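Each chain is listed here by its residues.
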Amino acid sequence: MRIERARGTRDFLPREMRKRRIMEARMREIAERWGYEEISTPTFELAELFTLKSGDAILKEMYEFEDKGGRHLALRPELTAPVIRMYVNELKMASKPTKVYYIGNCFRYEEPQKARYREFWQFGAEIIGSDSPEAQAEIIALAHAILQSVGITAEVHVGHVGLLRERLRAAKVEEERINTVMRLIDKGEREELIHFMNEIGVEHHVVDELLRLIDVQGEDALQAAQADNLIASASPAFKELEMLLELLTYYNVAYTLNLGIARGLDYYTGMVFEIYEVDGSLGAQNQICGGGSYRLAALFGGDDVPSTGFAFGFDRLAEIFRLDEHAMPRGDVVVVPVRERDQDNREVVKEAIQVASTLREFVRTQVDVMNRSLSAQLSYANAIRASFAVLVGKNELKEGKVTVRDLTTGMQERMSLEDCVGRIRATLR
RNA sequence: GCCGGGGUGUGGUAGCGGCUAUCCCUGGGGACUGUGGAUCCCUAGACCUGGGUUCAAAUCCCAGCCCCGGCCCCA
């Protein structure tokens, strides 16, 4: 009976895995160079960690279960909450800012479709301890640099929920209702938004201003909006955003100001940003990164530390990323024991294993495990695009040498093992 | 949860009521008892699952599962 893969999960074949590892290495490298350190949290957590943050409604989209001890657990649907939980539990005393990055698999019970799976990977980074414009700019710039490292061009959209919340507060809208408004903005439900605000008695000119505010987009839009009296110049959120945008130019990050980004979650407090893939290869799922400034730690019993961070949808990046396989050099060496038919080949096999061990100290090396003929072994070496075949047979044993065959040129030569090592080293360098 | 399009060897496919299910690629072996890529031969390997219609189903019908895409959602 054939067992199918669970719905929404994927197998990664060697080729795909190689690609993902290369991407991962490049992304890690950038994060490390920016002074971020890797952390890792458990694959499952107490379900409460996630419901606390986003309400019971998310239970239906989580893989949740009870363990044998009666604990209510869930496979993590995202990584920000666990990271902040870890900070509150173990890292409180670390010097600020605490800069971390992570990559891990997450699980959501949703309908699979293009670039959307039930098990997926996120790569993220957080600055815990700051939500200053400097921290915000750094986080956006880091995300930008990471994208560059994997050769992906995308659009960075920067918004600021503080600005919108401020405007609503000034109009005496209750906090709870502000959250609802933010969610509607995030969804882009313009009609409903207007309807809702009218219903709760928001004055018409405020509704109008807010609508114009969320339409603010583009380079000089912030100044224009201010000149238009949509934003009070004394507004702290405005000052913060202005500063952030200036810092982004120092980082040479091209961005689009988009105050319509609201990131429906209640805990975002200031800057929010999203990055979209632009050439449409991801279909409906073109958002590849999201982040912003938030306050979560207090929710998990820690101090009210401000944080700024982002998370990439790693699989979506992998979908876009094209690895040039031809640019990858041949590399392997295949050691070929030349067995004689109907004879004791132990000495030959022994020598082949020892030669392989020597070569493995510096190059990827394989030895036949199929008891194949010389011809079949060379055929295999060719199939895996190996660079060299090192032949070991009774003739070589007699002379204390090996035969090195360059599979690219077809030239071969008998030489000592030391010379063989030297030759392969020189060629593969 | 909803809507549409699909599931034939490892991958890609042909067949769309009737012969032993086609071809390419792939895996293993051989022609070639110490030399790869070419050629040829042998061999392995498939009609998603279950029901129905029919003398006869890969083919038509229904349901489920899975895949692809979209809606919703995306904490």
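Just so you know, these numbers come straight off a predicted model, no measurement behind them.

Draft legend 1. Spatial organisation of unusual backbone geometry. Cis rather than trans, the peptide bond between K96 and P97 has omega equal to -5°. Mapped onto the elements, P97 comes out in the loop between α3 (80–91) and β5 (98–107). The phi dihedral of K172 falls on the positive side, at around 65°, and the residue is not glycine. Residue placement: K172 occurs in the loop between α5 (161–170) and α6 (175–187).

Draft legend 2. Region of the structure containing the packing of helix α7 (residues 190–199) against helix α8 (residues 204–214). α8 packs onto α7 with a crossing angle of 150° between their chain directions and a minimal axis gap of 10 Å. Taken together, α7 and α8 sit at an angle that is classed as roughly antiparallel. In this structure, α7 meets α8 at a crossing whose hand is right-handed. Together, R190, L193, I194, M197 and N198 of α7 and H204, V207, L210, L211 and I214 of α8 make up the contact between the two elements. When the residues that make up the contact of α7 with α8 are grouped by side-chain class, the tally is seven nonpolar, two polar and one charged.

Draft legend 3. Up close: the pattern of salt bridges. Within the structure shown, the criterion is met by 29 salt bridges. The partner of E138 in a salt bridge is K99, and the shortest N-O contact between them spans 3.1 Å. Of this pair, E138 sits in helix α4 (residues 133–149) while K99 is found in strand β5, placing the two residues 39 residues apart along the sequence. Close ionic contact of D368 with R339 constitutes a salt bridge, the shortest N to O distance being 3.0 Å.

Draft legend 4. Fine view of the pairing of strand β6 (residues 119–128). Most of β6 is tucked away, with ten of its ten residues classed as buried. Burial along β6 is two-sided: E119, W121, F123, A125 and I127 and F120, Q122, G124, E126 and I128, pointing in opposite directions, are all buried. Sheet topology note: the β5/β6 ladder contains ten bridges and is antiparallel. The partner of N105 across the bridge, within β6, is W121. Pairing between β6 and strand β11 (residues 307–313): seven bridges, direction antiparallel. Bridge pairing links A125 to F310 in β11.

Cut-off values and rules
- Residues numbered from 1 in each chain as written.
- Chains lettered and ligands numbered in written order.
- Predicted model: local features only at pLDDT ≥ 70, side-chain atom pairs only at ≥ 80, totals over all residues.
- Heavy atoms only, no water.
- Helix = DSSP H or I, 4+ residues; strand = E, 2+ residues; numbered from the N terminus.
- Axes fitted to C-alpha atoms, helices over the stretch in contact; angles between N-to-C directions.
- Parallel < 35°, antiparallel > 145°, perpendicular 65-115°, else oblique.
- Left-handed = near helix turned anticlockwise from the far one by under 90°.
- Contact = heavy atoms within 4.5 Å.
- Nonpolar A, V, L, I, M, F, W, Y, C, P; charged D, E, K, R; others polar.
- Salt bridge = Lys/Arg side-chain N within 4 Å of Asp/Glu carboxyl O.
- Buried < 20%, exposed > 50% of the residue type's maximum accessible area, 1.4 Å probe, protein only.
- Pairing = 2+ DSSP bridges.

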